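# Remarks on the overall topology
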Amino acid sequence: MTNNIPRSQWLRMWQASEPARIKALAKEVSAACTITDLHIPKAGLGLLQLRDSAMGDAYFLGEIPVTKAHVRIHSPNGKVAEGAAICMDDRVGLTRAMAILDGVLAAQLPGWELVEHSLQAGATQVQADAALRRANLSATKVDFSLLSTLDEDEHV
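The text that follows walks through the structure, step by step, so that each part is easy to find. Everything numeric in this text was worked out from a predicted model, so none of it was measured. (Residues numbered from 1 in each chain as written. Predicted model: local features only at pLDDT ≥ 70, side-chain atom pairs only at ≥ 80, totals over all residues. Heavy atoms only, no water.)

## Structural notes on the packing of helix 2 (residues 19-29) against helix 4 (residues 112-139)
To keep it simple, the criterion reads: Angular values range over 0 to 180 degrees, each being the angle between N-to-C directions of two axes fitted as lines to C-alpha atoms, with helices fitted over their stretch in contact. Numbered from the N terminus, helices here are DSSP runs of H or I no shorter than four residues, and strands are runs of E no shorter than two. Angle categories: roughly parallel below 35 degrees, roughly antiparallel above 145, roughly perpendicular from 65 to 115, and oblique for all the rest. Helix crossings are classified by the rotation of the near helix relative to the far one: an anticlockwise turn of less than a right angle makes the crossing left-handed, while a clockwise turn makes it right-handed. Note on contacts: a residue pair qualifies if any of its non-hydrogen atoms lie within 4.5 Å across the two residues.
Closest axis-to-axis distance for the helix 2/helix 4 pair is 10 Å, and the angle between their directions is 165°. Classified by the angle their axes make, helix 2 and helix 4 are roughly antiparallel. Crossing geometry of helix 2 relative to helix 4 is assigned as left-handed. In this structure, helix 2 contributes Leu25, Glu28 and Val29 to the contact, and helix 4 contributes Leu114, Val115 and Ser118.

Below, the structure is given as C-alpha cells:
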C-alpha cells in the first residue's frame, strides 16, 4: 500500500497538490459515507519554539497558522475508520478533506485507490519542488576561493 510512503508524510504529499483537487477527491470518495467530526475542525495560531544554537536556550520565533481536523468515516460496507490532519495552514476545509483522505487510505475504504494515486501525484510534485530548490541553490553559490589568493598585506 502507498508505495513505501510512510503515513507521517501523507499530509506533505497532499499539501503539494492543488487544494481544489484535494477537496474534490475527499468529496468523491466520501459521497456514500457518513462523516462524523470527532473534534470540531478548527484553525488557530501556534507558537513556533526554537533553540538557540550557541547557548541552547529556548525562544519563540513567532506565531504560525495551524488547523486541525479529526473525523470518523462510516463506509456503506460497514467499515469504520478514523482520519486526522494537523497542518500549518489556515484553511479548515482543506485540512478536513485531508483528514478524510487519511482515513480512507489508512483503512482502504472504497475509493482508496484514487486517494493513493493522489498521494503519488503529490510525491511527484514534492520531488519536482525539491529539484527546483536544489537548482536555485546551486545557481546562487558564490566561489570565495578566488578571494583567498590575494594577500591582504600586499595591497595595503
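So that's the structure; there's more coming.
## Describing the sheet that holds strand 2 (residues 58-74)
To keep it simple, the criterion reads: At least two bridges found by DSSP between two strands are what make those strands a pair.
Spatially, three strands are ordered 1-2-3 in an open sheet, and the strand pairing comes out antiparallel. Where the open sheet ends on each side, the last strands, each with one partner, are strand 1 (34-51) and strand 3 (80-87). Across the sheet, the axes of successive neighbouring strands diverge by a mean angle of 15°, strand direction being ignored. Across 15 bridges, the pairing between strand 1 and strand 2 is antiparallel. Residue pairing in the sheet places Gln49 in a bridge with Phe60 of strand 2.

## Side note on the nonpolar core
Side chains of nonpolar character tend, in soluble globular proteins, to be buried together. For the record, the criterion: The term nonpolar core refers to a set of buried residues drawn from Ala, Val, Leu, Ile, Met, Phe, Trp, Tyr and Cys, joined through side-chain atoms within 4.5 Å. To sort residues, take the accessible area from a 1.4 Å probe on protein chains only and compare it with the maximum for the residue type: under 20% means buried, over 50% means exposed, and anything in between is partly exposed.
Core analysis: the biggest nonpolar cluster contains 30 residues, and Trp14, Met98, Leu101, Val104 and Val115 have the highest contact counts within it. Elements that contribute at least two residues to this core include exactly helix 1 (10-15), helix 2, strand 2, strand 3, helix 3 (92-107) and helix 4. If one sorts the elements of this core by residue count, helix 3 sits on top with eight residues. Not counting chain neighbours up to four residues away, the residues in contact with Leu101 comprise Trp14, Ile22, Leu25, Ala26, Val29 and Val115.

## Some thoughts on the layout of surface pockets
This is how it is decided: We place a 1 Å grid over just the protein atoms. Points where a 1.4 Å probe fits but has no way out form a cavity, open points with protein on both sides within 12 Å along at least 5 of 7 lines form a pocket, and any residue with an atom within 4 Å of a point lines it. Grid points are joined across faces, edges and corners, and a volume is the space filled by probe spheres set on the points. Note that Gly is not counted as nonpolar here; it falls among the polar residues with everything else outside the nonpolar set of Ala, Val, Leu, Ile, Met, Phe, Trp, Tyr, Cys and Pro and the charged set of Asp, Glu, Lys and Arg.
Roughly 190 Å³ of internal volume is contained in the largest pocket. Lining the largest pocket are Ala16, Ser17, Glu18, Arg21, Ile22, Leu25, Leu114, His117, Ser118, Ala121 and Gln125. Only helix 2 and helix 4 provide two or more residues apiece to the lining of the largest pocket. Looking at the lining of the largest pocket element by element, the count peaks at five residues for helix 4. A breakdown of the residues in the lining of the largest pocket according to their chemical character gives five nonpolar, four polar and two charged.

## Remarks on the side chain of Thr67
The condition that has to hold: Here a polar contact is recorded for every N or O atom pair within 3.5 Å, except that within protein the pair must consist of a potential hydrogen donor and a potential acceptor, and residues adjacent in sequence are included only if both atoms are side-chain atoms.
With respect to the helices and strands, the residue Thr67 is situated in strand 2. Within the structure, the side chain of Thr67 is placed 2.4 Å from the side chain of Thr95, a separation counted as a polar contact.

## Re the pattern of salt bridges
So the rule is basically this: Between Lys or Arg on one side and Asp or Glu on the other, a salt bridge is scored when a side-chain nitrogen of the former is within 4 Å of a carboxyl oxygen of the latter.
Counting across every chain of the model gives four salt bridges. Across the pair Arg7 and Asp102 runs a salt bridge, and its minimum N-O distance is 2.7 Å. Of this pair, Arg7 sits in the segment before helix 1 while Asp102 is found in helix 3, placing the two residues 95 residues apart along the sequence. Judged by its relative accessible area of 43%, Arg7 is partly exposed. By relative accessible area, Asp102 is classed as buried at 7%. The shortest N-O distance in the salt bridge between Arg72 and Glu82 comes to 2.8 Å. Separated by 10 residues along the polypeptide, Arg72 in strand 2 and Glu82 in strand 3 bring together distant segments of the chain. Overall, Arg72 belongs to the partly exposed group, its relative accessible area being 30%.

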